[in-house]
Amino acid sequence: MKKEVTIVPKDKCPLDILAEMGDRTKNAWIFLHQGAVNKLEETCNGYEELAHSIRLRWNATEEFPSTSITIKTEEFSRWKQVYFIEADDIAFKHSCSDPEEIFFLKMDE
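Right, let's walk through the structure included here. The structure displayed is predicted, hence computed values, not measured ones.

## Quick word on the packing of aromatic side chains
Reasoning step 1: Under the defined criterion, the tally for this structure stands at 2 aromatic pairs.
Reasoning step 2: Ring centres of F31 and F104 lie 5.3 Å apart, and the angle between their planes is 15 degrees; this geometry places the pair in the stacked category. In this pair, F31 is assigned in strand β2 (residues 28–33) and F104 in strand β7 (residues 101–107), connecting sequence segments 73 residues apart.
Reasoning step 3: F31 sits in the buried class, given a relative accessible area of 13%.
Reasoning step 4: On the basis of an interplanar angle of 85 degrees and a centroid distance of 5.1 Å, the ring pair of W79 and F104 is categorised as edge-to-face. Of this pair, W79 sits in strand β6 (residues 79–86) while F104 sits in strand β7, and the two are 25 residues apart along the sequence.
Reasoning step 5: Exposure remark for W79: the relative accessible area of 24% places this residue in the partly exposed category.
Reasoning step 6: Three or more aromatic residues joined by ring pairs form one cluster here, namely F31, W79 and F104.

The structure is reproduced here in structure tokens:
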């Protein structure tokens, strides 16, 4: 199983990086560093607290489809697991039981 840490440039969104990864994310686990979660929270159009997770939503624009992401928040780690993504341009849909790759996205400092 491949593990990879990806640094997200300050001027990019972590979701754009996931979209650029294409089908590689389809059978993967995705973890976001707290800084990447903060970036998403700052830009979302909707924020919902769920049991042990948060759901963030973005409305569709001319450039991007509507998007929803659910992130596990119960861990005390700075890395938060992505449970679910609903977006036409991102291959990852939900965490699988046996990932081929594990991605860690961290914002550039």
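## Here's the deal with helix α2 (residues 34–43)
Side chains three or four residues apart in an α-helix point the same way, a direct result of the helix having 3.6 residues per turn.
Reasoning step 1: All of the buried residues along α2 are Q34, A36, V37 and L40. Seen along its axis, α2 keeps its buried residues to an arc of 160 degrees; they face one direction.
Reasoning step 2: Taken together, the buried residues of α2 touch α1 (14–20), β2, β4 (53–58), β5 (67–72), β6 and β7.

## A short note on the pattern of salt bridges
Reasoning step 1: Going through the model one piece at a time under the given rule, you end up with 5 salt bridges.
Reasoning step 2: Residue R24 is joined to E101 by a salt bridge in which the shortest nitrogen-to-oxygen separation is 3.0 Å. Of the two residues, R24 is situated in the loop between α1 and β2 and E101 in strand β7; the sequence distance between them amounts to 77 residues.
Reasoning step 3: In this structure, R57 and E48 form a salt bridge, with 3.5 Å as the shortest nitrogen-oxygen distance.
Reasoning step 4: By relative accessible area, R57 is classed as partly exposed at 36%.

Reading the values: the criteria
Residues numbered from 1 in each chain as written. Predicted model: local features only at pLDDT ≥ 70, side-chain atom pairs only at ≥ 80, totals over all residues. Heavy atoms only, no water. Phe/Tyr/Trp six-rings, centres within 6.5 Å; stacked < 30°, edge-to-face > 60°. Helix = DSSP H or I, 4+ residues; strand = E, 2+ residues; numbered from the N terminus. Buried < 20%, exposed > 50% of the residue type's maximum accessible area, 1.4 Å probe, protein only. Arc of directions from axis to C-beta. Contact = heavy atoms within 4.5 Å. Salt bridge = Lys/Arg side-chain N within 4 Å of Asp/Glu carboxyl O.

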